[in-house]
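# Structure at a glance
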Amino acid sequence: MTTSSSAPTSSPTSAATPPTHGSGRFGSLGPVGLVLAGGVSVQFGAALAVTLMPRVGALGVVTLRLLVAALVLLVLCRPRLRGHSRTDWGTVVAFGLTLAAMNGLFYQAVDRISLGAAVTLEFLGPLALSVLASRRAVNAVWAALALGGVFLLGGGDFGDLDPAGVAFALGAGAMWASYIVFSARTGRRFPQADGLALAMAIGALAFLPLGIAESGTRLLDPVTVGLGAAVALMSSVLPYTLELLALRNLPASAFAILMSLEPALAALAGFLILDQTLSALQALAVALVIAASMGAVRTQVGRGAPGTP
């Protein structure tokens, strides 16, 4: 899930393009529905990935996730390699490297700290983007409310967190912010999910040496490959495709505030899959985060068509 720059003539808030007719069945959900569906998928995929780490290690999980996702997207999209400008290729390469870095840093974090705490810290990246990119003061209020929920969601857990895990999670947050911008740019320069397929392939190739160095032949175990494929589909193919489609019609700042649901979704996935229970304080945090997200959506609807100042 990640960014700070924008096109020369527009900010991330106004960079979205008019709605297209190529979104198909997914597009009928609307941009908000696409983002929420992607969030559910990615967090439950992350919980599944945690259970896979004892088999192949954090870097091995990332390698399998990126490789399988790249293969699936390349087969489905069959993107054209010709007819793209240098700027197009520069954008998709930056997107691919951002994807690889974001995944690598995040899985290093969840290998050291809990899933809920890792996502909570990671969320600080897109939250900062939402405040910096917003053109309306009210969005800062929703972001502040979400930030309060994010820290409440950590409960009292932050004092006992592994420092390296915290650093990896914060780094993943910076990459998540970069992902938001590069995903939006890629979606405007490439049709359908072609840019995503190319970026995923670039990220997979860049990360492959790290995975081989840590996991070696364990990457070839059939059970491990099967679980890795499930993680790839849930955490990469489905959510990234949905988010890329959503960002064509949703300003980056609104998308970033919607991401305030991620810690809540991570807590739910941790409870159902990893047997991590919610305290009363964490339940209150979930309520604050959801309230902030709903407020951001109401603000966005009140602005009219996406991309209008």
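Nothing here was measured: the structure is a model prediction, and the numbers come from that model. (Residues numbered from 1 in each chain as written. Predicted model: local features only at pLDDT ≥ 70, side-chain atom pairs only at ≥ 80, totals over all residues. Heavy atoms only, no water.)

## Points about the overall build of the protein
Assigned secondary structure in the protein consists of 12 helices and 0 strands. Secondary structure elements of the protein occur, N-terminal to C-terminal, as α-α-α-α-α-α-α-α-α-α-α-α. For the protein, with 309 residues in total, the buried portion stands at 53%. Approximately 12,600 Å² of the protein is accessible, and the part contributed by carbon and sulfur atoms is 68%. (Helix = DSSP H or I, 4+ residues; strand = E, 2+ residues; numbered from the N terminus. Buried < 20%, exposed > 50% of the residue type's maximum accessible area, 1.4 Å probe, protein only. Areas by Shrake-Rupley, 256 points an atom, 1.4 Å probe, with all protein chains shown as cover.)

## Section: the pattern of salt bridges
Evaluated as defined, the whole model comprises 2 salt bridges. Between Asp 221 and Arg 55 there is a salt bridge; the shortest N-O distance is 3.6 Å. Of the two residues, Asp 221 is situated in the loop between α8 (194-215) and α9 (222-247) and Arg 55 in helix α2 (residues 30-77); the sequence distance between them amounts to 166 residues. The partly exposed category is assigned to Asp 221, whose relative accessible area is 30%. (Salt bridge = Lys/Arg side-chain N within 4 Å of Asp/Glu carboxyl O.)

## A short note on α8
For an α-helix, 3.6 residues make a turn, and residues three or four places apart therefore share a direction. If you check α8, its first and last C-alpha atoms are 30 Å apart, about what 22 residues at 1.5 Å a residue would give, namely 32 Å. Taken as a whole, α8 carries its principal kink of about 40° at Phe 207; the proline Pro 209 stands between one and four residues after it. (Expected span 1.5 Å × (residues − 1). Bend = angle between axes of the 7 residues up to and from the residue.)

## Some details on the side chain of Asp 88
As for its position among the elements, Asp 88 is in helix α3 (residues 86-110). The contacts of Asp 88, once residues within four sequence positions are left out, are Arg 189 and Phe 190. (Contact = heavy atoms within 4.5 Å.)

## Quick notes on a nonpolar patch on the surface
Residues Leu 268, Phe 271, Leu 272 and Ile 273 make up a contiguous nonpolar surface patch of about 360 Å² in total accessible area. Within the secondary structure, Phe 271 sits in helix α11 (residues 262-273). Exposure remark for Phe 271: the relative accessible area of 41% places this residue in the partly exposed category. (Patch = residues over 30% accessible without salt bridge, like charges linked within 9 Å, V, L, I, M, F, W, Y side chains within 5 Å.)

## Let's talk about the nonpolar core
Residues Leu 99, Phe 106, Tyr 107, Leu 196 and Met 200 are the most contacted members of the largest nonpolar core, which totals 73 residues. Sorting elements by how many residues they give to this core places α2 first, with 19 residues. What Leu 99 contacts, discounting residues up to four positions off in sequence, is Tyr 179, Leu 196, Ala 199, Met 200 and Tyr 240. (Core = buried A, V, L, I, M, F, W, Y, C linked by side-chain atoms within 4.5 Å.)

## Comments concerning the packing of α2 against α11
Contact geometry of α2 with α11 gives a least axis separation of 9 Å together with a crossing angle of 45°. With respect to each other, α2 and α11 are oriented oblique. Crossing of α2 against α11: the hand is right-handed. Where α2 abuts α11, its residues Gly 39, Val 40, Val 42, Gln 43, Phe 44, Ala 47 and Thr 51 lie against Glu 262, Leu 265, Ala 266, Leu 268, Ala 269, Leu 272 and Ile 273. (Axes fitted to C-alpha atoms, helices over the stretch in contact; angles between N-to-C directions. Parallel < 35°, antiparallel > 145°, perpendicular 65-115°, else oblique. Left-handed = near helix turned anticlockwise from the far one by under 90°.)

## Some points on helix α4 (residues 115-122)
Of all 8 residues in α4, 8 are buried, a share of seventy percent or more. Within α4 the residues assigned to the buried category are Leu 115, Gly 116, Ala 117, Ala 118, Val 119, Thr 120, Leu 121 and Glu 122.

## Brief notes about the packing of aromatic side chains
The geometry of two aromatic rings is summed up by the distance between their centres and the angle between their planes. Applying the stated criterion across every chain yields a total of 2 aromatic pairs. A centroid spacing of 5.5 Å and a plane angle of 70° characterise the contact between Phe 106 and Tyr 107, whose relative ring orientation is edge-to-face. By relative accessible area, Tyr 107 is classed as buried at 0%. (Phe/Tyr/Trp six-rings, centres within 6.5 Å; stacked < 30°, edge-to-face > 60°.)

None of this, on its own, says anything about what the molecule does.
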